[in-house]
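Summary of structural features
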Amino acid sequence: MYTVKQLIEAIKSGNITTFSSPDVKVYVSSYTQVGNTSLLMVRTAAGKKLIVTGEGELYDQLIGENVDGGKVASLSHENRLTLNQFLPYTAPQAFGTQVATMGLGDRLGIASPGHIQTIRGKDIRPVLAQQSIRELALTGRTYEDVLDAAAYAVFQEGYKDGYGADGDHLKKEEDIEYALRLGFTMLTLDCSENIDNTIESKSEAEIAAKYEQLPASLRNHYEKRYLETAANVPGATLNYTRQALQKDVLIYDAAINFMEAIFRKYIATLDRAVDFEISIDETATPTSPEAHYLVANELRDRGVTIFSMAPRFCGEFQKGIDYIGDIAQFERELASHAAIAVHFEYKLSIHSGSDKFSVFPLIGQYTNGLFHIKTAGTNWLEAVRVVAKVNPSLYRRMHQYALDHFGEATAYYHVTTDINAIVPLGEVSDADLPDYMEENNARQLLHITYGLLLQSKNADGSKQFADEFFQTLAEQEDAFAEGLRYHIGRHLELLGK
Ligand SMILES: O=C(O)[C@@H](O)[C@H](O)[C@H](O)C(=O)CO
């Protein structure tokens with residue numbers, strides 16, 4: 001058995017390229033030397049630790065226990081901040097519009113190593129620390145937790161190509177301030193509460209009457225720019241009619257004002273780069289190419305620069321399952337959406353990007369491989385798949401709990417799941433439980449109930465599933481990473497990466 005010092009010396013001298021024993025797993029890729037300080041991540045029965053030897057500022061600043069000539073430090077928030085200070089690659093960065101990026105939302109804080117192993121060496125960069133305020137509320141985590149998990153994964157894997165941190169689907173100024181204060185490098189502004197979805201259901205006469213109530217100066221502004229001036233975007237098919245313009249102005253004008261206000265107050269005043277994304281996808285109103293162009297054109301006219309735009313595409317981008325809709329129409333509109341993004345020099349952002357296998361090739365083609373795509377739930381489902389394979393009892397209890405509480409979860413996510421189509425648990429053998437992850441309704445059942453499952457408690461206050469769930473995943477760390485490499489690898493392959 002190696003002592004701490006012997007372990008690091010063996011790695012420093014190159015005598016160890018892999019090392020694992022019943023008691024200790026060494027993440028050899030984590031080995032790093034900063035001045036006279038050497039450090040390494042290991043996993044013991046007590047969990048993951050930093051092993052530190054040598055001397056110097058980094059050694060002194062890492063908080064831990066002195067053990068046979070070295071130091072054993074926890075993966076604490078404070079130690080993560082120290083790593084960020086001495087190892088810049090462990091801090092998140094903005095990427096700008098000239099490289100493809102992928103949001104790899106990790107609701108558990110344990111998926112990023114597998115994500116890094118999947119994306120390393122490809123022509124795309126990971127936004128590892130991506131979580132929405134909704135996800136934080138449902139999992140009980142904080143943005144500090146999200147950044148800590150991503151940074152330690154980057155250190156563990158020795159990944160030095162850069163990663164992002166996305167404060168996702170932010171609606172409130174206090175949440176924007178929170179994410180920016182912590183150093184998040186991407187901000188996804190969710191404008192859904194500023195989009196007027198009631199307009200879609202009104203008659204032309206009602207829309208016209210409401211439009212006429214707008215100030216004449218505003219109406220003249222829009223009519224001059226969209227009825228009297230042709231929108232000239234190579235590759236985009238854009239036809240404005242008076243009726244459609246009136247509808248789009250009523251739907252999006254307040255949202256455009258909101259976008260501008262947040263940009264001026266929080267983005268334009270920053271002394272660092274932040275990738276600013278506009279999200280108009282989580283709304284009942286599909287974003288026509290004309291509406292997309294209008295929003296983008298107004299933003300440019302107001303000096304608002306953005307990293308990406310997430311329209312609500314035609315059809316359905318539901319959670320954790322493939323595209324639902326007319327793919328020919330999706331392709332026609334995607335061509336225009338992608339051309340508009342090129343025209344205004346930002347990236348198209350694909351939300352709920354998990355598992356949209358039937359349209360990935362089109363997305364890669366029409367964006368010329370320059371896109372932002374977001375996943376999150378599918379990564380959680382890969383963890384559930386591991387549980388289904390190795391801990392059938394736990395899977396059955398989680399599945400049943402999800403069935404019993406599904407209605408509560410639909411308050412957070414729009415899905416058209418048919419619960420009754422899911423094969424009853426009692427008819428499925430242990431060996432076949434993983435097949436649930438291949439069936440859309442079961443996928444969505446487990447997908448949107450993640451928060452309820454992770455937070456549920458027994459009568460004595462102990463966690464009903466979470467402790468056993470995380471213990472199972474810790475024991476199956478390699479299997480989870482392998483599942484992510486395969487599943488997210490499929491995403492990237494079909495996207496042309
Ligand atoms: O669940 C959430 O709130 C996020 O993961 C959100 O869905 C995200 O923007 C996304 O589109 C992931 O696919």
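Nothing here was measured: the structure is a model prediction, and the numbers come from that model. (Residues numbered from 1 in each chain as written. Predicted model: local features only at pLDDT ≥ 70, side-chain atom pairs only at ≥ 80, totals over all residues. Heavy atoms only, no water.)

Some points on the overall build of the protein chain
- The helix and strand inventory of the protein chain stands at 19 helices and 14 strands.
- Compactness check: the protein chain gives a C-alpha radius of gyration of 24 Å against a globular reference of 23 Å for 497 residues, within 12% of the reference.
- Summarising its shape, the C-alpha atoms of the protein chain cover approximately 80 × 60 × 40 Å along the three principal directions.
- Accessible surface for the protein chain amounts to roughly 20000 Å². Of this, 48% is attributable to carbon and sulfur atoms. (Helix = DSSP H or I, 4+ residues; strand = E, 2+ residues; numbered from the N terminus. Rg over C-alpha atoms; globule rule 2.2 N^0.38 Å. Areas by Shrake-Rupley, 256 points an atom, 1.4 Å probe, with all protein chains shown as cover.)

Some remarks on the sheet that holds strand S2 (residues 37-44)
- Spatially, S1-S2-S3-S5-S4 is the arrangement adopted by the 5 strands of the open sheet, whose pairing is antiparallel. The strands lining the two open edges of the sheet, one partner per strand, are strand S1 (25-34) and strand S4 (64-67). Between one strand axis and the next, the sheet turns through 25 degrees on average, direction left out of account.
- Where strand S3 (residues 47-54) and strand S5 (residues 70-74) come together, 4 bridges link them in antiparallel fashion. Residue pairing in the sheet places Leu50 in a bridge with Ala73 of S5. (Pairing = 2+ DSSP bridges. Axes fitted to C-alpha atoms, helices over the stretch in contact; angles between N-to-C directions.)

Some remarks on the UniProt feature "binding site: a divalent metal cation" (unreviewed entry) in the protein chain
- UniProt tags His169, Lys319 and His351 as "binding site: a divalent metal cation" (unreviewed entry).
- One can find His169 in strand S9 (residues 165-170).
- Given a relative accessible area of 10%, His169 falls into the buried group.
- With sequence-adjacent residues up to four places away left out, His169 is seen in contact with Ser132, Arg134, Thr188, Asp190, Ser279, Asp281, Glu282 and His351.
- A polar contact is formed between the side chain of His169 and the side chain of Asp190, at a distance of 2.8 Å.
- Residues within four places of His351 in sequence aside, it is in contact with Asp168, His169, Thr188, Glu277, Ser279, Asp281, Ala310, Phe317 and Lys374. (UniProt positions renumbered as here; feature names shortened; annotations may be inferred. Buried < 20%, exposed > 50% of the residue type's maximum accessible area, 1.4 Å probe, protein only. Contact = heavy atoms within 4.5 Å. Polar contact = N/O pair within 3.5 Å; in protein donor to acceptor, adjacent residues only side chain to side chain.)

What about helix H16 (residues 440-448)?
- When you tally the buried positions in H16, you get 8 out of 9 residues, the bulk of the element.
- Listed in full, the buried residues belonging to H16 are Asn441, Ala442, Arg443, Gln444, Leu445, Leu446, His447 and Ile448.
- Summarising the contacts, the buried residues of H16 are in contact with helix H14 (377-390), helix H15 (392-409), helix H17 (450-455) and helix H19 (477-494).

Topic: the site of the ligand
- Every one of the 14 residues lining the ligand counts as a neighbour, but Ser132, Asp168, Lys319, Ser352 and Tyr413 are closest to it.
- Take Asp168: an N or O atom from its side chain is 2.7 Å from an oxygen atom of the ligand.
- In this structure, an oxygen atom belonging to the ligand sits 3.1 Å away from a main-chain N or O atom of Lys374.
- If the ligand stood free it would expose 330 Å²; the protein chains cover 98% of that surface.
- If you list the elements that add at least two residues to the shell around the ligand, you get helix H5 (133-139), S9 and strand S14 (371-375).
- Among the residues forming the shell around the ligand, the class breakdown is 2 nonpolar, 6 polar and 6 charged. (Near = heavy atom within 4 Å. Nonpolar A, V, L, I, M, F, W, Y, C, P; charged D, E, K, R; others polar.)

Points about the pairing of S14
- Across the 5 residues that make up S14, a large majority, 5, are buried.
- Residues Phe371, Ile373 and Thr375 point to one face of S14 and His372 and Lys374 to the other, with burial holding for every one of them.
- Both strand S6 (residues 101-104) and S14 contribute to a ladder of 4 bridges, which runs parallel. Bridge pairing links Gly103 to Lys374 in S14.
- Two elements, strand S13 (residues 347-350) and S14, share 3 bridges in a ladder whose sense is parallel. Across the sheet, residue Ile350 finds its bridge partner in S14, namely Ile373.
- Following the backbone out of S13, through helix H13 (residues 360-366) and into the adjacent parallel S14, one traces a crossover that is right-handed. (Right-handed = clockwise from strand over helix to strand, strands pointing away.)

So, the sheet that holds S6
- Taken together, 9 strands build an open sheet; the order of strands is S7-S6-S14-S13-S12-S11-S10-S9-S8 and the sheet is parallel. Across the chains shown, the open sheet's two edge strands, defined by having one partner strand only, are strand S7 (125-127) and strand S8 (129-132). Taken over all neighbouring pairs, the strand axes of this sheet differ in orientation by 20 degrees on average, direction set aside.
- Taken together, the 5 bridges between strand S10 (residues 186-190) and strand S11 (residues 275-279) define a ladder with parallel strand orientation.

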